[in-house]
Structures are given as structure tokens and as C-alpha cells.
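Chain by chain, the residues run as shown.
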Amino acid sequence: MRKGRFNRAVGIFIALTAGGAAALLWFAVAAGGPALSESPSHGFFFGFWSILYNTDAPAPRIILAAIAMALLLAAGVAAVDRRIANRSRRSSDPLTGPLAPRVVMAATRGEYAGPVRVTVLIPAHNEEASLPLTIASLLEQSRRPDRVIVVADNCSDATVSLALEAGVEVIESVDNTQKKAGALNQVLKELLPELGDNDVVMVMDADTRLDDGFLAAAVDRFANDRALMAVGGLFYGEEGHGLIGQFQRNEYLRYSREIGRRRGRVFVLTGTASMFRSRALRTVAASRGSSIPGTPGYVYDTAALTEDNELTIALKSLGGLMISPAQCTVVTELMPSWRTLWAQRLRWQRGALENIGAYGITPPTLRYWAQQLGIGYGVIALGSYLLLIFLMVFALDTWIWFPFWLGLGALFMVERVATVWKGGWRARLLAVTLFPELFFDMFLNVVYLKGVADISLGRTASWKHVTPVRIREATGAERP
Amino acid sequence: MTITAAVVVPAGILFPESLLHSQWFAILATFVAINTVMYAALALAKILPKLHPSDWIRTRNERSETRSIHPDADH
């Protein structure tokens, strides 16, 4: 198999690197001989009441060094990311970058392959509840799709009849045991040879609704740039589900804001709704098993738990140009309970680790490695912060105010609120209280740790095997 | 640390206050302080408008050829 694959070692590698960075800082602090805490002094505040306050703050040189280190790290990651993207964009080697813009341009120069036509694939596994709204959101677009196909995978409910009622095509998967990716592979195998160079395929989840203008904006991009290989959607959360819903909405808002600040440069071509030029998918299928992992001839790698993340890395590895325009927004379903959120996030986390493990440390995956290391370090930082607060609260019998730390707290509060400002007063209210979101972050951190531990110990993700068998039996009984 | 000692020295709710004056606690406090300042710097960077240094350099924005799907389109 290919060199540089990590497999299970990816978890251990990430844990050791993030832990190593923290240990390094710890020993540096210990070697420097930190100043012992001074006793608090009494102050007189507005002349009314006496309070205890402590002017403890790190020495200015430590503050400056920490600020410099954080900004350098962030700028460093961004610069490396940009440099790698530019290098692959300028590549003209069809062997290493068969989807690089120059290669694609050379292959399509001077030919008109017809207008952009859009074929939408909606993989659906028992989605009768949300599918009608999904289809309606497609048919109501100002630029309607040319073809809509519901890929019914082992459905035992009314998914197929509802799709036919809505007037769209239905293709049922045949003997598929590999879930969504397997079902899509079957359909794409038949569909791709029929498509021309300017035809695009959109893959969207059955629990997602497109905002109007998505298709018009995306088609415009594909028409103006024949080297553009993919357009990704920006997702935001549906209404409802109370507090847990608001946590997820805030999270998605911040993610979208971040992509906007990156001017649409893509992290992940979301599985909720993304569009691909036919050439991109054909090249991915042809490159599987050689330059990228997977089975030759198939678009999706069925071994990947997060097939959208995997396909993004595949396209980036082949040099493909992609973007998430601000106009391409979708509303997606949120997890209604902590249990389902736990399962979803564990799958995402496990999938992300397996994906970068499968590709190894390569220029296109560096950004994803950095992200995993960043979360790993965040787990240690937030954990030690909470430990410190815990020790302080239970070792003091009077409340002491630390002006320096209060100031930082206020800064974090401003950041939390500003980044979800667009989400309205509910989003801002949750953000301003700070601690509930810290709790949510802690929840995600525990999921992260569980994902790293699971992959390191080689535990199989159990949800892979349970449902399909049961559903197939049920479907078999109903079908003639 | 025995319970008697905890009573003699200024007592906290669960732990003796002397814990806060120990060497390892000072290291932990500084470790957390540095991390917190680092995250605060990143938070500040997230609030402020993002800078795109590439915009400051004048580049040749004209494309040498059209990238449209129509071969005869203006660039």
C-alpha cells in the first residue's frame, strides 16, 4: 500500500505532539522560576465597600512573548496553507496535479463543451420526514437544476413514493452495504460517463434545504472559471431544539464567519450540499488506489467515515480549485439531544483522524493536521484552566477579584458575542454568558479525546455495522 | 496536609490556602496564564477585521486568457 500511512498511529502521534508542546511550556515555566502569588490587599472601591483584590498578572515580557507566540503560530499556519495552495494552483504537471488549473485549462482550451448543466443527487436512507422540503428547495431555486435524482438506499419508508410524487427521478441502490458512499458510488459509476466537461454534479443531504440563489451563484462560478472543480455550501442550523440547538447554531455561525474571512477558501466541501465538475469526480475515481486511497474506479472511499471530508482532501491532493461562496448557503438539521450529538461528533472526529491518517503528512493535509493539533492543545489548555479555577475557588474562603483576569474575561466575552452577532439576540445572549459555551466546548473536547483514544486502541466504530443489516431485512420483506 | 494544619493556616473550603503559595501551583498558574494570554490574542485577532497583505501588493490582475467555458469570452 502507499507509503506514509498512519492508520492507528495517527491518534498517538497527535496526542504526543499536543502533549509534548504543553509539556515543553510547563518545563520552560518551571525552569524560569515563576513568581509566587502575593497576598491580596484590601482596596476601597467607589468608597462604598471594601473588597479584596489581587493585582497578580504575568510579567509584561511573558505577556508579550505569549501574544507573539500565538500570533506567529496562527500567521505561520495561514502562510503555509496559502503557500501550499498557491503552489498547487500554479502546478502544470498533469501527473502530480491532474486537476490543477493550468492542466485543466490546457485540456479544455478553445473547446466549448456546452452550457453548465446541474444534476443533483440526494442520497436518502429513510428520509420521508425531510425529503419533500429538500426537493422543494431545489425546485424553487431561481436557477432550477436540470435533473434531480433521489438515491434511495435501503429505504423501508415512503422515501421513494414521496420522491416520485414530487416529480423527481429515483434510483434505488442494489445490494449496497456501504451506506451513503456506497449508494452514491453505484449511481456515479453510471452517471459520470454520460456527462460533459461543463456538467456539474451536486450531492446534497436529504435533511438539508438550499437557500434561494445557491444554484444561480454556483453555476455562474462554474461558467466563468472552467478550472473551478468544486463549490461548497455554507451551512447554518435550523431553528428549534432549545439550548442544544443554540449551541450548534452558534458553532455553525462561527464556522461560516471564519470561511467568509478566508474569502471562501474551503476547509471541507460539506456533505450537506456541494457541487463538483464532472472532470473532478472522474479524475478522483481514476486516481483511487494509486495517488489517493480507495478503490479504483469509484468516486467515494467507502472506508472513510466522513466521506465529504475525504473527498475534499482527495480533490486538494489532485490540485483541484474549490470555493465556498457567501451566496451558497444551506439550512441543515441539528442534533436534538446530547446522545445524538455525541454520536455525530464522534463520527466526525474519528473520520477526520482516519482521513489524515490515510493520506499521511502531505502538503494538502497539513492544514488538517494543524487543526487536530490545535484542538488537542486546546483540550489541555481548557482542562488546566478549569483545574486552576477549581483549586482557587476551593482553597480560598473569600472571593478575590483579579482585575487582569477580569479584563481578559471581558475580551473573551466580546469575541464570543461578536462572532455570533448575525445570529440574533438568542445567539448573543448565550455567547455573553461565556460559561455555557465553555461547557459545550468541554463536551466537544471529551468527544475529541474519545475519538483519539478509540483510534489509538483500534476500537471499531460500532455504528458501522448495526443498521444496514436490519434495514435490508425490513426492505426485503416489503419489496415484491 | 493534615486536617489540623488546615485549621491553623487560613482555611479554604476544601483545600488549605497554603496550596496557593506552593511552587507547583505557581507553575500551574503561570502555565494557565500564558495559555490564556495566547488565546486572548487569538480572540482579539478574530474580532478585528482580517488583513489580507496580498491586497497591498499591486499585481497584474488581468488574466492572460479567458477562463470562461466560452472560448471567445472576454476575460
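What comes next concerns the included structure. Numbering of residues begins from 1 in every chain and follows the order in which that chain's sequence is written. Each chain gets a letter, beginning with A, and each ligand a number, beginning with 1, in the order they are written. Restriction of local features to residues with pLDDT of at least 70 applies here, the model being predicted, together with a cutoff of 80 or more for giving and counting side-chain atom pairs; totals for whole chains, interfaces and linings are based on all residues. To obtain the side-chain values, all non-hydrogen atoms of the structure were included, while hydrogens and water were left out.

1. Overview of the overall build of chain B
Each helix corresponds to a stretch of at least 4 residues labelled H or I by DSSP, and each strand to a stretch of at least 2 residues labelled E; elements are numbered beginning at the N terminus. If you tally the helices and strands in chain B, you get two helices and zero strands. With residues, only the protein chains shown are counted as cover, and all accessible areas are computed by Shrake-Rupley using a 1.4 Å probe. Accessible area of chain B: about 4900 Å², with a carbon and sulfur share of 64%.

2. Points about the pairing of strand E8 (residues 228–232) of chain A
Residue and element names in this part refer to chain A. Only protein chains enter the accessibility calculation, which uses a 1.4 Å probe; a residue is then buried when its area is under 20% of its type maximum, exposed when over 50%, and partly exposed in between. Counted residue by residue, E8 has five buried out of five residues, so it is predominantly covered. In this structure, E8 lies alongside strand E11 (residues 321–323), joined through three bridges in parallel fashion. Across the sheet, alanine 230 pairs through a bridge with methionine 322, a residue of E11. Strand pairing requires that DSSP identify at least two bridges connecting the strands. Bridging between E8 and strand E10 (residues 273–277) involves three bridges; their strand directions are antiparallel. Paired with glycine 232 across the bridge in E10 is serine 274.

3. Quick word on unusual backbone geometry
The bulk of non-glycine residues show a negative phi, and the bulk of peptide bonds are trans. All names here are of chain A. Phi is positive for asparagine 154, close to 50°, though the residue is something other than glycine. Here asparagine 154 lies in the loop between strand E4 (147–152) and helix H5 (159–165). A positive phi angle, close to 55°, is found at arginine 263, a residue other than glycine. Considering the arrangement of structural elements, one finds arginine 263 in the loop between helix H8 (242–261) and E10.

4. Overview of the interface of chain B and chain A
Contacts are residue-level and defined by heavy atoms, with any inter-residue pair within 4.5 Å sufficient. Between chain B and chain A, the residue contacts involve 50 residues of the former and 67 residues of the latter. Buried area: the sum, over both parts, of the accessible surface (1.4 Å probe) that disappears when the two are put together. Contact between chain B and chain A buries roughly 5200 Å² in total, counting both sides, with carbon and sulfur atoms accounting for 71%. Summed over the three residues of chain B that lose the most area to chain A, namely B:Phe31, B:Arg67 and B:Ile69, the buried surface amounts to 16% of that side. A side-chain nitrogen of Lys or Arg and a carboxyl oxygen of Asp or Glu constitute a salt bridge if their distance falls within 4 Å. Applying the counting rule to chain B against chain A returns one salt bridge. Put simply, B:Arg67 and A:Asp225 hold a salt bridge, and the shortest N to O gap is 2.9 Å. Here a polar contact means two N or O atoms within 3.5 Å. Within protein one must be a hydrogen donor candidate and the other an acceptor candidate, and residues neighboring in sequence count only if both atoms are side-chain atoms. Linking chain B to chain A there are 12 residue pairs in polar contact (both at pLDDT 80 or more). Taken together, the residues of the side of chain B that touches chain A sort by class into 31 nonpolar, 12 polar and seven charged. Note that Gly is not counted as nonpolar here; it falls among the polar residues with everything else outside the nonpolar set of Ala, Val, Leu, Ile, Met, Phe, Trp, Tyr, Cys and Pro and the charged set of Asp, Glu, Lys and Arg.

5. Some points on the nonpolar core
Residues and elements named next belong to chain A. Among the nonpolar cores identified, the biggest contains 46 residues, and Leu121, Leu188, Val201 and Leu315 are the most heavily contacted of them. Looking at which element gives the most residues to this core, the answer is helix H6 (residues 179–191), with six residues. Setting aside chain neighbours within four positions, we find leucine 121 in contact with Ile149, Val151, Leu184, Val187, Leu188, Leu191, Val201, Met202, Val203 and Met204. The nonpolar core is taken to be a set of buried Ala, Val, Leu, Ile, Met, Phe, Trp, Tyr and Cys residues, with the residues joined through side-chain atoms within 4.5 Å.

6. Description of the sheet that holds strand E7 (residues 208–210) of chain A
Strands belonging to one sheet form pairs held by backbone hydrogen bonds; the direction of such a pair is parallel or antiparallel. Residues and elements named next belong to chain A. Reading across from one edge, E7-E12-E9 is the order of the three strands in this open sheet, with mixed pairing throughout. Either end of the sheet is taken by a strand with one partner, and the two such strands are E7 and strand E9 (234–237). Averaged over all adjacent pairs, the angle separating strand axes in this sheet is 30°, with direction ignored. Bridge count between E9 and strand E12 (residues 329–332): four bridges; the pairing is parallel. Looking at E12, one finds that glycine 237 is bridged to threonine 332. Axis angles are defined between N-to-C directions and span 0 to 180 degrees, where every axis is a line fitted to C-alpha atoms and, for a helix, only to the segment in contact.

7. Observations regarding helix H3 (residues 101–108) of chain A
The complete set of buried residues in H3(A) reads A:Pro101, A:Val103, A:Val104, A:Met105 and A:Thr108. Following H3(A) by one or two positions, A:Gly110 adopts a phi angle in the positive range, close to 75°.

8. Notes on the packing of H8(A) against helix H15 (residues 435–457) of chain A
For any two helices packed against each other, one specifies the inter-axial angle together with the distance between the axes. Residue and element names in this part refer to chain A. Between H8 and H15, whose axes approach to 11 Å, the crossing angle comes to 80°. When the interaxial angle is binned, H8 and H15 end up roughly perpendicular. Taken together, the residues of H15 that come into contact with H8 (itself represented by Phe247, Gln248, Asn250, Glu251 and Arg254) are Pro436, Glu437, Phe440 and Leu444. Oblique is the label for every angle not falling under 35 degrees (roughly parallel), over 145 degrees (roughly antiparallel), or within 65 to 115 degrees (roughly perpendicular).

9. Some words on the environment of A:Lys180
Residues and elements named next belong to chain A. Relative to the assigned elements, lysine 180 resides in helix H6. Under the relative-accessibility criterion, lysine 180 is labelled partly exposed at 25%. Separated by 82 residues in sequence, lysine 180 and proline 98 place their C-alpha atoms 27 Å apart. The residues touching lysine 180, leaving out its near neighbours within four places in the chain, are Pro123, Asp153, Asp205 and Glu307.

These figures come from the coordinates and say nothing about function on their own.
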